[in-house]
Amino acid sequence: MNITEAKIASDLIVKEVKANQEIKKFLFSLGCYEGEVIKILNKNRGRYIIIVKNSRYGINEKLAKAIQIEENYYRNKI
Amino acid sequence: MIKIALAGNPNSGKTTLYNLITGRQERIGNWSGITVEKKEAKLKDKYKKDAIVIDLPGVYSLSSFTSEESIAINFVKEQQIDVLINVIDSNNLSRSLYLSSQLLELGIPMIIALNKSDLAKYRIKFDLDKLSKLLNCPVVIISSANDKGVKELIKKTIQRSEQKEQINLFEDLNDSSEGELQDKIRYDKINQIVSSVETRKDNKQVSISDKIDYYLTNPFIGLTVFFFIMWGIFELSINWLSEIIANILGGIMSFFSVTTFFQDAISDLLTKFGVSEFFINLINHGIIGGAAAVLGFIPLIMSLMFCLSLLEDCGFMARIAFILDPLFKKIGLNGKSIVSLAMGYGCSVPGIMATRTIKSERQKRMTVLLTPFIPCGAKVPIIVLFTVAFFPDQGWMFPLVYLMSFLLIIVLGLFIKNIVGAENIENYFIIELPEYKYPSFSIASSVAMDNCKSFIKKAGTIIVIASMIVFLLSSFDFKLNLITDNIDESILATIALPISFLLIPLGFGVWQLAAAAITGFVAKEEVIGTIAVLYAVGGLVNENFEVLNSDLLRDTLGITKVAALAFMFFNLFTPPCFAAIGAMRSELKSKKWLAFGILLQFCVGYLFALIVYQVGTLIVNGKPDPTFIIAIIILVTAVLISIRMTNKNKEMEMKL
């Protein structure tokens, strides 16, 4: 499951970033990597706002699809 | 002499701090990626230490993926830096410490500045002593936006520079073999540190900023709000703020605007001293006339820059970049292109340089090509003179010109994308959305003052020299005889006349205006300077920002309203000044693309003016202009050429 499929405002655990090494490293330096908790704040026409370590980032659909999250954890929360 | 370097995440307030301690005026804004090159200056004298301060581009880590990162890394590694100030946004300590941990490894004495304490103080408390002990380096709380704690920071920085080493807390990490694992251990350690020194008062995740964003990041609401804000800025600047500034500068302004009086006084004085009439004219019309015409626009430029600085400082622009990204992609741009375009309102040069943060080569190139079409500060006098002199009491003309230029950029983006082929791969896009804050009036004021200073400097150097050359060239013929009566025989007239023939279908085929347009390539302000010199109209605007001699101007220029509009657009879109072309060359890194860019500017300027004049004349007069058929031929040719270019490209793609 990736960010586009997840619900707004719930804590999510990052499972994997499926992207090139460059963007992976970049997201890592922001604190978005395997095992970390992130949150989706808003979705709007292919634009997503996520919270990573107290900072807000706007990301596009492609990046949202690249960030994979733990499905089970998400289910448990509901 | 010691060297102090400022390092930290993007938008952590490094440049604000840098400006504060060096007295410089580098560009800042509440969004990431404004500083793309390192900047250095001397520390202010009041700190009583001989030191150089270096502002590095903001980075999230020391891996060299982007050009900003490479600059920052190479610099800290190669230069002999005595002390590092690590500027940290206290709202996000854990992310910032990732970079700090890498900086500590360098072994350079370091001091941490916990910045933006004004934003954080209600929510977060820090155990400074503990943090300082854990990291083995001093920590100072500051607020660079309000100039709090900065004095203490510099005092401690100077003390720190005397120590020659830095204990590396993360030393044990270097032995670890695997890079990825090592980074995770690093983050774990940081998380431990953060949880032991930081207490967050309320963990309510939805802040006011988030609530605002809920509405403003909706593309329809966001763009509508943006449109009205921009409209408001232009209205406010031209009708209200510039008058206030003009009143403050009252004495100086009337000095420049009532130049006729001033010029008379000078001639009287010089005649008394027996100076020849030619020199009196040179000084009066060549030097004072040209520079004064340009200087009269200072209040407007100051007020525009003041408002735009407020807008950039509040954090809204990052949202606009976020909203525009999917839309911009359709015209070959990137969300971050808005950084360049917004900076382009001030000056194209930093706007073009800011394209370095765009990773996709194609989107970067497109941004470089399109940024010069935004009307920069130097073009403001042209817009004002021609909208206000020819369309008095029609204040909406001014914002309309900006709207037109923005629409033009969209059309051009689609056009270029069609020619060079669309980029089919979608890129990853991420932009930090900083918290909204009240914009700083003192920063906006100093931005306006700085623009004023550089404008005066330019008027006093390039414009004076260019106006003088224009005056001299229009005073002599090719046999170097002084022309007394017929200015049409002058060198300038002879050079500009053939060019003016090309401008006949545009409605302003007189050599004076051709000469004005040519001198505009040196610096756009000189378009007005040349007009002032050649028509000897003296001051063009008064202190209440009304155009003086507007009838005279209309009559002497001898062109219709529509032609005036065409002349204005011609100058807005044809190649900008030498400085902007130089910036384009260094960013495009290709002669072919530079040539394409300049050719594009010529063609767009020419064709846009052509369409404005021909269509406008048809509407106003009810019948076509005599040159209508020629205009149609030119337009059809242009369309055919561009269709051919598009097809050629499609064939190439088919072959590939």
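Structural data are supplied above this passage.
Residues numbered from 1 in each chain as written. Chains lettered and ligands numbered in written order. Predicted model: local features only at pLDDT ≥ 70, side-chain atom pairs only at ≥ 80, totals over all residues. Heavy atoms only, no water.

Colleague: How do you make sense of the overall build of chain A when you look at a structure like this?
Modeller: Within chain A, the regular secondary structure consists of 3 helices and 5 strands. Listing each helix as α and each strand as β along chain A from the N terminus yields β-α-β-β-β-α-β-α. Relative to the 2.2 N^0.38 estimate, which gives 12 Å for 78 residues, the radius of gyration of chain A is 11 Å and therefore close to what a compact globule would have. Taking the principal axes of its C-alpha atoms as reference, chain A extends roughly 35 × 25 × 20 Å. Counting the 78 residues in chain A, one finds 58% classified as buried. Pairs at least 24 residues apart make up 61% of the contacts formed inside chain A by residues separated by at least 6 positions. Total accessible area computed for chain A in this model is approximately 3400 Å², and 44% of it derives from carbon and sulfur atoms. Averaging the coordinates of the 15 positive side-chain charges in chain A and doing the same for the 9 negative ones gives two points 6 Å apart. (Helix = DSSP H or I, 4+ residues; strand = E, 2+ residues; numbered from the N terminus. Rg over C-alpha atoms; globule rule 2.2 N^0.38 Å. Buried < 20%, exposed > 50% of the residue type's maximum accessible area, 1.4 Å probe, protein only. Contact = heavy atoms within 4.5 Å. Areas by Shrake-Rupley, 256 points an atom, 1.4 Å probe, with all protein chains shown as cover. Lys, Arg positive; Asp, Glu negative; His and termini not counted. Charge placed at Lys NZ, Arg CZ, Asp CG, Glu CD.)

Colleague: Can you walk me through the packing of helix 17 (residues 361-370) of chain B against helix 26 (residues 578-588) of chain B in this structure?
Modeller: In a packed pair of helices, the relevant descriptors are the angle between the two axes and the axis-to-axis distance. Residue and element names in this part refer to chain B. Remark: helix 17 packs on helix 26, axes separated minimally by 10 Å, with the N-to-C direction vectors making an angle of 170 degrees. Compared by their axis directions, helix 17 and helix 26 come out roughly antiparallel. Residue-level inspection shows Lys 364, Arg 365, Val 368 and Leu 369 of helix 17 in contact with helix 26, the latter providing Met 584, Glu 587 and Leu 588. Of the residues in the contact of helix 17 with helix 26, the class split is 4 nonpolar, no polar and 3 charged. (Axes fitted to C-alpha atoms, helices over the stretch in contact; angles between N-to-C directions. Parallel < 35°, antiparallel > 145°, perpendicular 65-115°, else oblique. Nonpolar A, V, L, I, M, F, W, Y, C, P; charged D, E, K, R; others polar.)

Colleague: In this structure, what is going on with the pairing of strand 2 (residues 37-44) of chain A? I would like to understand it.
Modeller: Put simply, side chains in a regular strand alternate between the two faces of the sheet. All names here are of chain A. The buried fraction of strand 2 amounts to 6 of the 8 residues, a majority that puts the element mostly inside the structure. Pairing of strand 1 (residues 11-17) with strand 2 involves 3 bridges; the strand directions are antiparallel. If you follow Asp 11 over to strand 2, its bridge partner there is Lys 39. Counted along the chain from strand 2 to the antiparallel partner strand 3 (residues 47-52), the turn is 2 residues long, and its residue Arg 45 has a positive phi close to 45 degrees. (Pairing = 2+ DSSP bridges.)

Colleague: What's the story with the nonpolar core in this structure? I'm lost.
Modeller: Within soluble globular proteins, side chains that are nonpolar generally end up buried alongside one another. Residues and elements named next belong to chain B. Ranked by size, the top nonpolar core spans 132 residues in total, and within it Phe 373, Phe 386, Phe 398, Phe 508, Ile 531, Met 568 and Phe 569 carry the most contacts. The residues touching Phe 398, leaving out its near neighbours within four places in the chain, are Phe 234, Ile 238, Leu 300, Val 380, Ile 383, Val 384 and Thr 387. Judged by nonpolar contacts, the second largest core, of 37 residues, contains Leu 99, Cys 137, Tyr 187 and Ile 193. (Core = buried A, V, L, I, M, F, W, Y, C linked by side-chain atoms within 4.5 Å.)

Colleague: Is there a simple way to explain unusual backbone geometry in this structure?
Modeller: Most of the time, phi is negative for any residue but glycine, and the peptide bond is trans. In this model, Lys53(A) sits at a positive phi of 45 degrees, which is unusual for a non-glycine residue. As for its position among the elements, Lys53(A) is in the loop between strand 3 and strand 4 (55-60). Among the residues examined, Lys53(A) registers a relative accessible area of 11% and is labelled buried. The backbone phi angle of Asp147(B) is positive, close to 60 degrees, even though this residue is not glycine. Of note, Asp147(B) is situated in the loop between strand 7 (139-141) and helix 6 (150-162).

Colleague: Is there a simple way to think about helix 8 (residues 208-216) of chain B in this case?
Modeller: Residues separated by three or four positions in an α-helix point in the same direction, a consequence of the helix having 3.6 residues per turn. Residues and elements named next belong to chain B. Along helix 8, the positions that sit buried rather than exposed are Ser 209, Asp 210, Asp 213 and Leu 216. What you see down the axis of helix 8 is that its buried residues fit within an arc of 130 degrees, all on one side. Among the exposed residues of helix 8, those oriented more than 90 degrees off its buried face are Ile 208, Lys 211, Tyr 214 and Tyr 215. (Arc of directions from axis to C-beta.)

Colleague: Whenever I open this one, the interface of chain A and chain B confuses me. Can you help?
Modeller: A common way to state how big an interface is: give the accessible area lost once the parts meet. On the side of chain B, 38 residues touch chain A, which itself brings 37 residues to the contact. Buried area between chain A and chain B, summed over both chains or domains, comes out near 3500 Å², and the portion from carbon and sulfur atoms is 56%. Contact with chain B buries area across many residues of chain A, yet Arg47(A), Arg56(A) and Lys62(A) alone supply 19% of it, more than any other trio. Our count for the contact surface shared by chain A and chain B stands at 2 salt bridges. A salt bridge links Glu34(A) to Lys184(B); its shortest N-O distance comes to 3.6 Å. (Buried area = accessible area lost by both parts, 1.4 Å probe. Salt bridge = Lys/Arg side-chain N within 4 Å of Asp/Glu carboxyl O.)

Colleague: Just to check I follow, could you spell out the sheet that holds strand 7 of chain B for this structure?
Modeller: Adjacent strands of a sheet form backbone hydrogen bonds with each other and so pair up, either parallel or antiparallel. All names here are of chain B. Here we have 6 strands laid out as an open sheet, ordered 2-3-1-4-5-7, and mixed in their pairing. Looking along the sheet, the strands with just one partner apiece sit at the ends: strand 2 (39-42) and strand 7. Averaged over all neighbouring strand pairs, the angle between strand axes comes to 25 degrees, with direction disregarded. Sheet topology note: the strand 4 (residues 83-89)/strand 5 (residues 110-115) ladder contains 6 bridges and is parallel.

Colleague: Looking at this model, I keep getting lost on the environment of Ser207(B). Mind explaining?
Modeller: Along the polypeptide, Ser207(B) turns up in the loop between strand 8 (198-200) and helix 8. The sequence separation of Ser207(B) and Asn571(B) amounts to 364 residues, and the corresponding C-alpha distance is 47 Å.

Colleague: Can you help me understand the side chain of Thr217(B) in this one?
Modeller: All names here are of chain B. Examined against the element boundaries, Thr 217 turns out to sit in the loop between helix 8 and helix 9 (219-248). In this structure Thr 217 comes out as buried when scored by relative accessible area, which is 1%. Here the side chain of Thr 217 touches Asp 213 through a polar contact of 2.5 Å, landing on its backbone oxygen. (Polar contact = N/O pair within 3.5 Å; in protein donor to acceptor, adjacent residues only side chain to side chain.)

Colleague: Would you mind going over the pairing of strand 1 of chain A with me for this structure?
Modeller: Strand direction decides the pairing type here: strand 1 of chain A and strand 5 (residues 67-69) of chain A, joined by 3 bridges, are antiparallel. In the strand pairing of strand 5 of chain A, Val17(A) is matched with Ile67(A).

Colleague: Hey, could you run me through the sheet that holds strand 9 (residues 430-433) of chain B in this one?
Modeller: One open sheet accounts for 6 strands, arranged 5(A)-1(A)-2(A)-3(A)-4(A)-9(B); its pairing is antiparallel. Strands with a single pairing partner mark the edges of an open sheet, and in this sheet they are strand 5 of chain A together with strand 9 of chain B. For this sheet, the mean inter-axis angle between neighbouring strands, taken without regard to orientation, is 45 degrees. As defined by bridge partners, strand 3 of chain A adjoins strand 4 of chain A across 6 bridges and the pair is classed as antiparallel. Counted as the bridge partner of Ile50(A) is Tyr57(A) from strand 4 of chain A. Sheet contacts for helix 14 (residues 316-330) of chain B: strand 3 and strand 4 of chain A together with strand 9 of chain B; angle to strand 9 of chain B, the most-contacted strand, approximately 160 degrees.

Colleague: Got a minute to help me understand the pattern of salt bridges in this structure?
Modeller: Pairs may arise between side chains of opposite charge once their charged atoms sit close together. Residue and element names in this part refer to chain B. What the rule picks out here adds up to 17 salt bridges over all chains. With a closest N to O distance of 3.9 Å, Lys 116 and Asp 89 form a salt bridge. Of this pair, Lys 116 sits in the loop between strand 5 and helix 4 (117-120) while Asp 89 sits in strand 4, and the two are 27 residues apart along the sequence. The buried category is assigned to Lys 116, whose relative accessible area is 14%. Judged by its relative accessible area of 9%, Asp 89 falls in the buried class. The residue Lys 329 makes a salt bridge to Asp 325 at a minimum N-O spacing of 3.0 Å. A residue pair is termed a helical-turn pair when its members lie 3 or 4 positions apart in one helix, as Lys 329 and Asp 325 do in helix 14 at 4 residues.

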